[in-house]
Amino acid sequence: MIRALGLVALLLAAPAGNAQEVIADLDQTSVSIDSTFAGQEILVFGAFTADAPPDIVVTVAGPPEPATIRRKARRMGIWVNAAQAEVSAPAFYAVASTAPLDAILSPAADLRHAITLPHAVRSVAAGPGQSRSFVEALVRIRTASGAYRRDGEAVEVIGGRLFRTAIALPSDLTEGDYAARIFLLSEGAVIADYATALEVRKVGLERFLYRLAHDRPLVYGLMSLAIAIAAGWGAAGLFGLFRR
Amino acid sequence: MQIYLPIAEVSVNAFLLVGLGGLVGILSGMFGVGGGFLMTPLLFFIGIPPAVAVATEANQIVASSFSGVLAHLRRRTVDLRMGTVLLIGGLVGAALGLAIFNALREMGQVDLLVRLSYVVFLGIVGALMFVESVRALRRSARVGPTQPPRRRQRGWVQSLPFRMRFRTSGLYISVIPPLLVGLLVGVLAAIMGVGGGFIMVPAMIYVLGMPTKVVIGTSLFQIIFVTGFTTLLHATTNQTVDVMLAVLLLLGGVVGAQVGTRLGTRLRGEQLRVLLAALVLVVCGKLAYDLLVQPAELYEIGEAEH
């Protein structure tokens, strides 16, 4: 809240000339994934100056990660993976705006700033003409699972100078440096934009186990075995007691 | 209560996992199988990535079979010598299985391999067991409980070289068949995330001619080492063992196994086997259906290849 007040004060103090600009912040700069993590909501808020009431788009994106998309086809009576494409796509992507994007964003501006989903996914290796259907499938599957979201009425404008929106992060969030981008739009074109970072990290036991599994896989494997043997031993012992 | 799994990177309900562990534990206690062949598909179903499900299930089987083998050691129903021979085959098989697993993973076909293996082996074992147990039920209904024990058939197994004496089993046979049986089960353990008891037990009785009372204990003995080795291989090459997932499944599993054992003593052997055979065939049918019928979504997102 203090951060929010500071931001407002900053904007009010700035000369209100012809400059069209937007600044924003998040209610937290980092998200910690611990063993009880079940999703979290982050608040994106900020202030803007514009000549006419603008449209506002907020995107929150996970770090781009390589993914392989495979298409099944029937071979000898069974459905097998027959074709594939490699893309670089965020594991999480949310777009919130003051109005549905089709109405407020021009295709040219969308392409240039990579705002909507097909543009935010980069094709790495695929046959010509193939990649589009693969990227569309990726967006379709991840939209269905809730990893990709689009809400055309989620950004709220307050008093013509402030805006806010809440972005829900899903419970199966992955680690990385997330980015929040805010675009000020007028007649389909971007007139100002702003970006800020959000750090998502595993903490505590989650972090310890993940690091151990990747840095010292042999130790981790032996530990897993030791736990299994101990549990088996303990169980046998307990049941032995019950039998007597 | 939701819990975030550090390796699978999904958040799932902890009670659901304990419950699944318990349910499969009950079945494994009732039927004397590891239950991996049921658990691994169930884990796919609740959204655990297949590679993590296979590797973690191997880890869980270490615990359940270790618990079981201790009871059998007390009763002296483990043929350690036979177990060691099976184990040598099993370790080679596990390494071979993991190499196949990783090669097909590169090609994007690991999912198909796992599913096909399930359909083929569950289908064969389920059908054989179903026919055999229905026949036994009919016989016992006709003749009553007293019937001559089945004569062991060993034919070709007797004629192979490198014979060895297995005292606990009362056998003097070649080491080649046990090595091959171990090898096959090792490959299955690595590819399917199962202990392989459902293949091993019939093979020991019908191919090797071992007495039924030492079969379960000996099978469990070698499964501990093969699945333990598989767990280590998956942990060091793919980093796909999720220890938190394993612990939750274990909690339910060890309790369920105990409940299942008690339930099992109230049912007759043939009835149990008919039920298990039906269960195996249902799982097999569901997996086969998914392979044969056009999926609603033709595309799927896989992990990236490194």
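Residues numbered from 1 in each chain as written. Chains lettered and ligands numbered in written order. Predicted model: local features only at pLDDT ≥ 70, side-chain atom pairs only at ≥ 80, totals over all residues. Heavy atoms only, no water.

Per an unreviewed UniProt entry, chain B goes by Probable membrane transporter protein and derives from Hasllibacter halocynthiae. For the record of chain B, the UniProt heading Sequence similarities (unreviewed entry) holds the text "Belongs to the 4-toluene sulfonate uptake permease (TSUP) (TC 2.A.102) family." (UniProt positions renumbered as here; feature names shortened; annotations may be inferred.)

Undergrad: Tell me what's going on with the overall build of chain B, and back it up with residues and numbers.
TA: The secondary structure content of chain B amounts to 11 helices and 5 strands. Across the 306 residues of chain B, 57% fall into the buried class. Pairs at least 24 apart in sequence give 76% of the contacts found in chain B among residues at least 6 apart. Summed over its atoms, the accessible surface of chain B is roughly 13,400 Å², and 68% of this surface lies on carbon and sulfur atoms. (Helix = DSSP H or I, 4+ residues; strand = E, 2+ residues; numbered from the N terminus. Buried < 20%, exposed > 50% of the residue type's maximum accessible area, 1.4 Å probe, protein only. Contact = heavy atoms within 4.5 Å. Areas by Shrake-Rupley, 256 points an atom, 1.4 Å probe, with all protein chains shown as cover.)

Undergrad: So what about a nonpolar patch on the surface? Which residues, and what values?
TA: Taken together, the side chains of Ile-227 of chain A together with Val-247 and Leu-251 of chain B define a hydrophobic patch exposed on the protein surface, amounting to about 220 Å² of accessible area. Following the sequence through the fold, Leu-251 of chain B ends up in helix H10 (residues 243-266). (Patch = residues over 30% accessible without salt bridge, like charges linked within 9 Å, V, L, I, M, F, W, Y side chains within 5 Å. Salt bridge = Lys/Arg side-chain N within 4 Å of Asp/Glu carboxyl O.)

Undergrad: Mind laying out a positive patch on the surface, listing which residues take part and the relevant values?
TA: All names here are of chain B. Residues Arg-81, Arg-163, Arg-165 and Arg-167 make up a contiguous surface patch of positive charge. Structurally, Arg-167 is set in the loop between strand E3 (163-166) and strand E4 (171-174). Arg-167 sits in the exposed class, given a relative accessible area of 70%. (Lys, Arg positive; Asp, Glu negative; His and termini not counted. Charge placed at Lys NZ, Arg CZ, Asp CG, Glu CD.)

Undergrad: A description of the pattern of salt bridges should follow, citing residues and the corresponding values.
TA: Residue and element names in this part refer to chain A. Per the counting criterion, the structure on display carries 7 salt bridges over all chains. In this structure, the salt-bridge partner of Asp-102 is Arg-150, at a minimum N-O distance of 3.5 Å. Of the two residues, Asp-102 is situated in helix H2 (residues 101-104) and Arg-150 in strand E9 (residues 148-151); the sequence distance between them amounts to 48 residues. Assessed through its relative accessible area of 70%, Asp-102 is described here as exposed. The residue Asp-177 makes a salt bridge to Arg-201 at a minimum N-O spacing of 3.1 Å. Residue Asp-177 is located in strand E12 (residues 176-186), and its partner Arg-201 is located in strand E13 (residues 189-202); the two are separated by 24 residues in the primary sequence. Connected via shared salt-bridge partners are Asp-177, Glu-199 and Arg-201.

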